[in-house]
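Spelled out from the first residue to the last, the chains are:
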Amino acid sequence: AQGKTPDIYHISGDIFAIAYEGNGSDGFVVTVDIDSLGNIANSTVDSLEFDTQRGKAPETVNVSGDIFAIAYEGNGADGWVKTVDIDSLGNIANSTVDSLEFDTQKGKTPSIVNVSGDIFAIAYAGNGDDGWLVTVDIDSSGNIAGSVVDSFEFDTDKGKVPDIISISGDIFAVVYQGTDDDGFLITVD
């Protein structure tokens, strides 16, 4: 019925997960089988509705083993991160493992990356579309600490559609749509 703002992530072997905003704007994740020749199986392997209200612009990252984190824009455009259990065969546990609302005002178009160990960074467009970066603690079992570890406003005017990657050690790069919709690149420690 709907498959808005999808994000695809390799799970293991021929198994891939697709997180997306589906019917009713709810958040869904499905697993599919794509072989090395590009052949796609005729049906999904498994599915989970990870948010029954809104799941816009999700991005997925592996936490450890079968545990994956999905950062997304939830109800009211708030920022959320949830963990799910997806095994190497594509089977998804029947419910999310844990969740954290990392921004109660706005958390649009988040991008998530592992910093080190249990620490993950999420870049996103916050209130007024300012550019924000937060860190959260997610353990190998998928348990998320009850609050944000730290936060940094990297652009006080506009920080839309950010994407964050690791450069080396403690250095990360964030690209985003800034003032006048110009393209910006910054590095952060």
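Predicted model, so just to flag it, every value in this text is computed and none were measured.

Novice: Quick question: what am I supposed to make of the nonpolar core here?
Specialist: Nonpolar side chains in soluble globular proteins tend to be buried together. Of all hydrophobic cores here, the largest spans 16 residues; its most connected members are Ala69, Val81, Phe102, Ile112, Phe120, Ile122 and Ile138. Put simply, the parts of the chain that give this core at least two residues each are β5 (56–64), β6 (67–73), β8 (98–103), β10 (119–125) and β11 (131–137). Among residues more than four places away in sequence, those in contact with phenylalanine 102 are Tyr72, Gly79, Trp80, Val81, Gly107, Pro110, Ile122, Tyr124, Val134 and Val148. Residues Ala19, Tyr72, Val84 and Ile92 belong to the second largest nonpolar core, which totals 13 residues.

Novice: It is not clear to me how a nonpolar patch on the surface should be interpreted in this structure. Could you clarify?
Specialist: The grouping of Ile165, Ile167 and Ile171 at the surface amounts to a nonpolar patch, some 250 Å² of accessible area in total. Inspection of the secondary structure assignment puts isoleucine 171 in strand β14 (residues 171–177). Given the relative accessible area of 33%, isoleucine 171 is considered partly exposed.

Novice: Before we go on, may I ask you to explain the pattern of salt bridges in this structure?
Specialist: Where charged atoms of side chains with opposite charge meet at close range, the side chains can pair. Applying the stated rule across the entire model yields four salt bridges. The salt bridge partner of glutamate 73 is arginine 54, with a shortest N-O separation of 3.0 Å. With glutamate 73 in strand β6 and arginine 54 in the loop between β4 (46–51) and β5, this pair connects stretches of sequence that are 19 residues apart. Residue glutamate 73 shares its accessibility class with arginine 54, and that shared class is buried. Here aspartate 129 makes a salt bridge to lysine 108, at a shortest N to O gap of 2.9 Å. Of this pair, aspartate 129 sits in the loop between β10 and β11 while lysine 108 sits in strand β9 (residues 108–116), placing them 21 residues apart in sequence. Take aspartate 129: its relative accessible area is 18%, and that puts it in the buried class. Looking at lysine 108, the relative accessible area reads 24%, which means it is partly exposed.

Here is what the cut-offs are and how they apply
- Residues numbered from 1 in each chain as written.
- Predicted model: local features only at pLDDT ≥ 70, side-chain atom pairs only at ≥ 80, totals over all residues.
- Heavy atoms only, no water.
- Core = buried A, V, L, I, M, F, W, Y, C linked by side-chain atoms within 4.5 Å.
- Buried < 20%, exposed > 50% of the residue type's maximum accessible area, 1.4 Å probe, protein only.
- Helix = DSSP H or I, 4+ residues; strand = E, 2+ residues; numbered from the N terminus.
- Contact = heavy atoms within 4.5 Å.
- Patch = residues over 30% accessible without salt bridge, like charges linked within 9 Å, V, L, I, M, F, W, Y side chains within 5 Å.
- Areas by Shrake-Rupley, 256 points an atom, 1.4 Å probe, with all protein chains shown as cover.
- Salt bridge = Lys/Arg side-chain N within 4 Å of Asp/Glu carboxyl O.

Don't take any of this as a statement about function, it's just geometry.
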